2 protein chains.
Amino acid sequence: MTPTLTSCPQTALDHSHAVPKGYLLAGVHCRIKRDPQKPDLSLIMSERPATCAGVYTQNRICAAPVVLDRERTPSDAIRAVVINSGNANACTGERGTADAKRMAELAAMVCQAEPGQVLVLSTGIIGEFLPMDKVEQGIAAAAVKLGASEACLLSAARGMLTTDLRPKLAGRQVTVGGQEVRITGMAKGAGMIGPNMATMLGVVLTDAALPPQAAQELLQSVADETFNCVSVEGHTSTNDTVLLLANGAAAGEPTGAELTAFAAAVTEVCRELARAIAADGEGAQHLITIDVTGCRSRAEATGIARTVANSPLVKTAIAGADPNWGRIVSAAGYAGVAFDPGGLSLKLNGVLLYEDGAPVPFDAASVSRAIRAERDAHIELSFREGAASARFWTCDLTGEYIRINADYHT
Amino acid sequence: MTPTLTSCPQTALDHSHAVPKGYLLAGVHCRIKRDPQKPDLSLIMSERPATCAGVYTQNRICAAPVVLDRERTPSDAIRAVVINSGNANACTGERGTADAKRMAELAAMVCQAEPGQVLVLSTGIIGEFLPMDKVEQGIAAAAVKLGASEACLLSAARGMLTTDLRPKLAGRQVTVGGQEVRITGMAKGAGMIGPNMATMLGVVLTDAALPPQAAQELLQSVADETFNCVSVEGHTSTNDTVLLLANGAAAGEPTGAELTAFAAAVTEVCRELARAIAADGEGAQHLITIDVTGCRSRAEATGIARTVANSPLVKTAIAGADPNWGRIVSAAGYAGVAFDPGGLSLKLNGVLLYEDGAPVPFDAASVSRAIRAERDAHIELSFREGAASARFWTCDLTGEYIRINADYHT
């Protein structure tokens, strides 16, 4: 039986979501997932060898494809990335390692590349072996569907999803050496989203050129302030991977002011994807943005923001539209960061609730109505310790999260 | 209007729950809580000055009574402990400090003690001022009800509860110098239960004698392996306090083998209370006991156990009776502890699911049935790094937790 092909969806995409030059993409359903409406295998091919940088999970238990990709990046000769969803190929021992390698070989064959020029991403259930017959059929089917249309891009973005409700795409355009270059990213989030490394899958493609080491440094720095500042429930996955591919099909290497603009555009793409991951967290009803300012260092600011983001009491308060500032300031207090409690102030959705260590009278009913009315919630914590700050994204914790995660099949 | 007095309940208590000699207790309802069936003020009096040790929250934001008690312990002259529930007196600034002191003064008056001989514990909503008129009426009413019956003990244990479903009491008896001495503890848990310090209220009474410094060292060491090894959602409270009172009314100071037996009995009392806190966590359907063995140090074992305990994915898996071992081993992997993944094994309710880094075939349906059938779930993680181990308690994460915490009034 051949895999069901997912016809290219007709959803209109924002112009910024166009495919950079020299890349072909496809997403197909090959029956790793039960629902035939859900693509579960994506193939991304670069027509020419591309620089590729990667950042990976910090989990001690990491999946076979993470081990494989970590060995192969940074690189100046990547030709393809093959991604499956529905099975993480994690905790699968030697057979898992062999399966990840075989996946790369199969993708290399259809892309006329060497096996070592292919990277592999997997996400889904931990501890089951990949159904390699389905994967093989999927790769063959994806090869036939490869294209540079927006619809193909969307199919590929959908092929990496698990419990995500929405595909996550972001794009920017900048000028390098007089040429328009594109930066287009796609990501997968939803569950097992914690703050050590990106804790998700992400692929960012550009048709500018970058040397491998510069690409690696750029991606690490961008990930630190985007994907590493997002959390759904703080559980760091075994499979987190973000790749940045740069194939130089549209332009050469950006330098000087163009490099600055290029790096800023990559950051914006990753920030947009990171926000989208938090907004689409399992069961999320609110995207919560946490700004922490006035700290001694960015690490301390991030530590406080992460602790607030991961507090189930804060997350349920937002779910319940409850301006329970006590839960927020007390979460800041156990982040392991020393601060003067008398210098702590808090705003929720712009309303001052707590100032210099003391509560401020406010209209709880109107703040509650505002939380309920908006999908975005904004927590601003300010300290009087220094000039460092951090921004972090998370989502609220709802009964739907419990339903999804108490029922998810092993 | 005088406060409603809660009549001493007639519930039969285990013999081990008797009041140690020289203590009188009461619990009354004084309208801090709305429900007149729920006592909200407890008074504990020692007829003679007692040694008292305390361990407190590590949260940077700590409540007024914590500041007060921290200054007053360890002590050799404590005469009373006054406890209110329904209001935490946290984040209440100078007025909160004055209210905590006033509470101690009021309790001192009814107990014929000096204000400095009284300790104060509060739990409940953060950021609201204590209704001091109600507190004053409550203390007066409690003074009239003071007694040494088991019913009075139960009333006092109930007076410290918030969203707890059950009062938490534990007791032991040992011999010191030919005399029977009792150790009786009570605790409050349910929500905002995290792992830095006891994250709850607890009072342990004994009628043996102890010098203050020895009492302090004993309590700190016992708390580290009992109350500090329990978590509901990992949110460290502003009010956590555990006190140990020793009034010497039954016997003198234990030494030698008797001290060893005494310390073991105190540990057992605290362990029983800690387990009870996890078992009665908000919305809990399962008490989860996590044993981590084969680590290089107890700190590393505890760190891994705590990370597993705080993972919402692990907690929802148990709620869903899902033997999802991937979530458990991956949580161990992000605890920040270095280990050889090839030496990790996992048992769930005694069934081996993962051995030396690889999954073991097992009957998922029967393991799932076993989880569903039992209120206790047991996670055993073993490593091949050393000889240190730790035990930790938590509960599962259910839709009821969300309901309680998304609806709790600020």
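A short tour of the structure in this document, coming up. (Residues numbered from 1 in each chain as written. Chains lettered and ligands numbered in written order. Predicted model: local features only at pLDDT ≥ 70, side-chain atom pairs only at ≥ 80, totals over all residues.)

**Observations regarding the environment of B:Val314**
All names here are of chain B. Examined against the element boundaries, Val-314 turns out to sit in helix α8 (residues 312-319). Take Val-314: there are 27 C-beta atoms within 10 Å of it, and that puts it in the buried class. Taking the C-alpha atoms as reference, Val-314 lies 43 Å from Met-132; in sequence the two are 182 residues apart. In this structure Val-314 touches Val-308, Arg-327, Ile-328 and Ala-331, once residues within four positions along its chain are discounted. (Helix = DSSP H or I, 4+ residues; strand = E, 2+ residues; numbered from the N terminus. Buried ≥ 20, exposed ≤ 12 C-beta atoms within 10 Å, placed from the backbone. Contact = placed C-beta atoms within 7 Å.)

**A look at the packing of helix α8 (residues 312-319) of chain A against helix α9 (residues 325-333) of chain A**
Residue and element names in this part refer to chain A. The geometry of α8 relative to α9 is characterised by a closest axis approach of 9 Å and an angle of 155° between their N-to-C directions. One finds that α8 runs roughly antiparallel with respect to α9. Helix-helix and strand crossings are classified by hand; for α8 and α9 the assignment is left-handed. Mapping the contact onto sequence places Leu-313, Val-314 and Ala-317 in α8 and Arg-327, Ile-328 and Ala-331 in α9. Considered class by class, the residues forming the contact of α8 with α9 number five nonpolar, no polar and one charged. (Axes fitted to C-alpha atoms, helices over the stretch in contact; angles between N-to-C directions. Parallel < 35°, antiparallel > 145°, perpendicular 65-115°, else oblique. Left-handed = near helix turned anticlockwise from the far one by under 90°. Nonpolar A, V, L, I, M, F, W, Y, C, P; charged D, E, K, R; others polar.)

**Structural notes on unusual backbone geometry**
Cis peptide bonds are those with omega within 30 degrees of zero, and the linkage from A:Thr73 to A:Pro74 qualifies with -5°. Topologically, A:Pro74 is positioned in the loop between α1 (64-72) and β3 (75-87). Its identity is not glycine, yet A:Asp356 carries a phi of approximately 50°, on the positive side. By the secondary structure assignment, A:Asp356 is in the loop between β11 (351-355) and β12 (358-359). Despite not being glycine, B:Ala321 has its phi angle at roughly 55°, a positive value. Take B:Ala321: it is sitting in the loop between α8 and α9 (325-333). Using a count of 19 C-beta atoms within 10 Å as the deciding quantity, one classes B:Ala321 as partly exposed.

**Focus on the pairing of strand β1 (residues 23-28) of chain A**
Residue and element names in this part refer to chain A. Among the six residues of β1, six are classified as buried, and the element is accordingly described as predominantly covered. Side chains Tyr-23, Leu-25 and Gly-27 of β1 all project onto a buried face; the interleaved residues Leu-24, Ala-26 and Val-28 project onto the opposite face, where all are buried too. Sheet topology places β1 next to strand β2 (residues 41-56); six bridges connect them, and they run antiparallel. For Gly-27, the partnering residue across the bridge sits in β2 and is Ser-42. (Pairing = 2+ DSSP bridges.)

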